[in-house]
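Take a look at the letters that make up each chain.
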Amino acid sequence: MIRSVSYAILLGWPFEGSTVLRISLPLLALAMAPTKKERTASRNPSLVRGIGKFSRSKMYHKRGIWAIKAKHGGSFPRHEPKPASAPPPAVKPPKFYPADDVKTPIPNRRKPKPTKLRASITPGTVLILLAGRFMGKRVVFLKQLPSGLLLVTGPFMINGVPLRRVNQAYVIATSTKVDLSGVNVDKFDDKYFTKEKKKTTKKGEGEFFETDKEETKALPQEKKDDQKAVDSQLIKAIEAVEDLKVYLGARFSLRSGMKPHELKF
Amino acid sequence: MVKGRQGERVRLYVRGTILGYKRSKSNQYENTSLVQIEGVNTKEVAWYCGKRMVYIYKAKTKTKGTRYRCIWGKVARPHGNSGVIRAKFKSNLPPKSMGRRVRVFMYPSNI
């Protein structure tokens, strides 16, 4: 009974089941009223891995190749063979073959994502720095850079912390937030903060004995301007809130009896 | 602190005491030390797991400009029910450290 149904379907939709001419199926489907879903499962259920339930001749019959052939006068419909293109220009065999077969390593296409930002850290949050030159300082979080590090500023006028990168693990996020509208931090990324490469001058004999600590690392004026630009907007927002300026100017410290695991930041 | 800071000294670490090595009655395992963190005496110790800690000591000779030396370590896991933790240091702590101070920092932080 199932076979008769499948015959009827096959005769009604001539291209169904033909893998060669499957491209035309969607067009035909549009022509015929009810659109038929393309068969997704194989007609040959597997009994054991590698062994199907039906033999080759049974599968020939199930796929309806006999019906397709009947429809096309005894032979399976084919595309015209592609016109043979001119043979590619002959490549000369290389003169030199390397002695050993060297395996070329597969190029690494992995692009690491920036570290997942903690939910408590949002732009404008006041953070406490836990380590480094500015430990204990309360700073304002601006944004996360593509490397995963956090871009942070004191602001410089308030507590001496410049635009700086900081790792998320060395920071405690407080619940205090500063309004960041009006601050544009788009121009800052990791390249802005990389150290400039010292030009390696070849040392001649005479120069070898000279100390070359003459280059003083003065901060370029444009970095100072960037700092001012960011801070001017921020300080306005900070002064609008009572005591926030003093809060940011003060450092955090643990006192006697303070237990960090019980503190709510 | 050792940098000769002029400004205020902030304490961003919790004080801890080194109690000794992980041990049974007659065997001790020096690769793990036991540390009692100040102010913690129950299961709340889980907050400190993973935090870095340092044992600081002084030596007679100056290395890298200072006489202070340190051994870094981490809080590994709680030990028992009373707030003691097990700590693993980069190199095992010397026995003279028993009873002495250790600094447990608040980083890597998760707050």
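These numbers were taken from a predicted model, which means no experiment stands behind them.

The rules we used
Residues numbered from 1 in each chain as written. Chains lettered and ligands numbered in written order. Predicted model: local features only at pLDDT ≥ 70, side-chain atom pairs only at ≥ 80, totals over all residues. Heavy atoms only, no water. Helix = DSSP H or I, 4+ residues; strand = E, 2+ residues; numbered from the N terminus. Buried < 20%, exposed > 50% of the residue type's maximum accessible area, 1.4 Å probe, protein only. Contact = heavy atoms within 4.5 Å. Areas by Shrake-Rupley, 256 points an atom, 1.4 Å probe, with all protein chains shown as cover. Buried area = accessible area lost by both parts, 1.4 Å probe. Salt bridge = Lys/Arg side-chain N within 4 Å of Asp/Glu carboxyl O. Nonpolar A, V, L, I, M, F, W, Y, C, P; charged D, E, K, R; others polar. Patch = residues over 30% accessible without salt bridge, like charges linked within 9 Å, V, L, I, M, F, W, Y side chains within 5 Å. Lys, Arg positive; Asp, Glu negative; His and termini not counted. Charge placed at Lys NZ, Arg CZ, Asp CG, Glu CD. Pairing = 2+ DSSP bridges. Core = buried A, V, L, I, M, F, W, Y, C linked by side-chain atoms within 4.5 Å.

Draft legend 1. Representation of the overall build of chain B in the model. Scanning chain B for helices and strands turns up zero helices and six strands. Its helices and strands in sequence order give chain B the pattern β-β-β-β-β-β, from N to C terminus. Residues classed as buried in chain B amount to 36% of the 111 residues present. Relative to all contacts within chain B whose residues are 6 or more apart in sequence, the contacts with residues 24 or more apart total 56%. Carbon and sulfur atoms provide 50% of the accessible area of chain B, an area that totals close to 6700 Å².

Draft legend 2. Highlighting the overall build of chain A. Summing up its helical and strand segments, chain A has nine helices and seven strands in all. Within chain A, the proportion of its 265 residues that are buried is 29%. Taking as baseline every contact in chain A between residues at least 6 positions apart, the subset at least 24 positions apart corresponds to 59%. Accessible area for chain A stands at about 20300 Å²; split by element, carbon and sulfur atoms hold 58% of it.

Draft legend 3. Representation of the interface of chain B and chain A. If you look at the interface, chain B gives 19 residues, while chain A gives 26 residues. Buried surface at the junction of chain B and chain A, both sides included, amounts to about 2000 Å², of which 60% is carbon and sulfur. For chain B, the biggest contributors to the area lost against chain A are Arg11(B), Leu12(B) and Ile111(B); these three give 30% of the whole. Counting across the interface, chain B meets chain A through zero salt bridges. Here the side of chain B that touches chain A is built from residues that sort into eleven nonpolar, three polar and five charged.

Draft legend 4. A look at the side chain of Arg138(A). Among the secondary structure elements, Arg138(A) is positioned in strand E4 (residues 138–144). Ignoring sequence-local partners within four residues, the contact set of Arg138(A) consists of Val126(A), Leu127(A), Ile128(A), Gly154(A), Asn159(A), Tyr247(A), Leu248(A), Ala250(A), Arg251(A) and Phe252(A).

Draft legend 5. Inspection of a positive patch on the surface at higher detail. Residues and elements named next belong to chain A. A cluster of basic residues, Lys36, Arg39, Lys53 and Lys62, forms a positive patch on the protein surface. Inspection of the secondary structure puts Lys36 in the loop between helix H2 (25–31) and strand E1 (46–48). The exposure class of Lys36 is partly exposed, given its relative accessible area of 39%.

Draft legend 6. Broad picture of the pattern of salt bridges. Residue and element names in this part refer to chain A. Under the criterion given, the structure shown has four salt bridges over all chains. As a salt-bridge pair, Lys187 and Asp226 come within 2.6 Å of each other at their nearest N and O atoms. With Lys187 in the loop between strand E7 (171–177) and helix H6 (190–193) and Asp226 in helix H8 (residues 221–240), this residue pair connects regions lying 39 residues apart in the sequence. Taking relative accessible area as the criterion, Lys187 reaches 48% and is therefore assigned partly exposed.

Draft legend 7. Fine view of the pairing of strand E3 (residues 52–63) of chain B. Residues and elements named next belong to chain B. One ladder, built from eight bridges, connects E3 with strand E4 (residues 66–79); its direction is antiparallel. Looking across to E4, one finds that Ile56 is bridged to Cys70. Bridge count between E3 and strand E6 (residues 101–105): two bridges; the pairing is antiparallel. Within the sheet, the bridge partner assigned to Val54 lies in E6 and is Arg103.

Draft legend 8. The arrangement of the nonpolar core in detail. Counting residues in hydrophobic clusters, the biggest one holds 31 residues, and the most contacted among them are Val35(B), Ile37(B), Met53(B), Ile85(B), Phe89(B), Val102(B) and Val104(B). Counting only elements with at least two residues in this core, the list comes to strand E1 (13–23), strand E2 (28–37), E3, E4, strand E5 (84–89) and E6 of chain B. By size, the runner-up hydrophobic cluster in this structure holds 21 residues, among which are Val126(A), Val183(A), Ile238(A) and Leu248(A).

Function-wise, these values are silent; they only describe arrangement.
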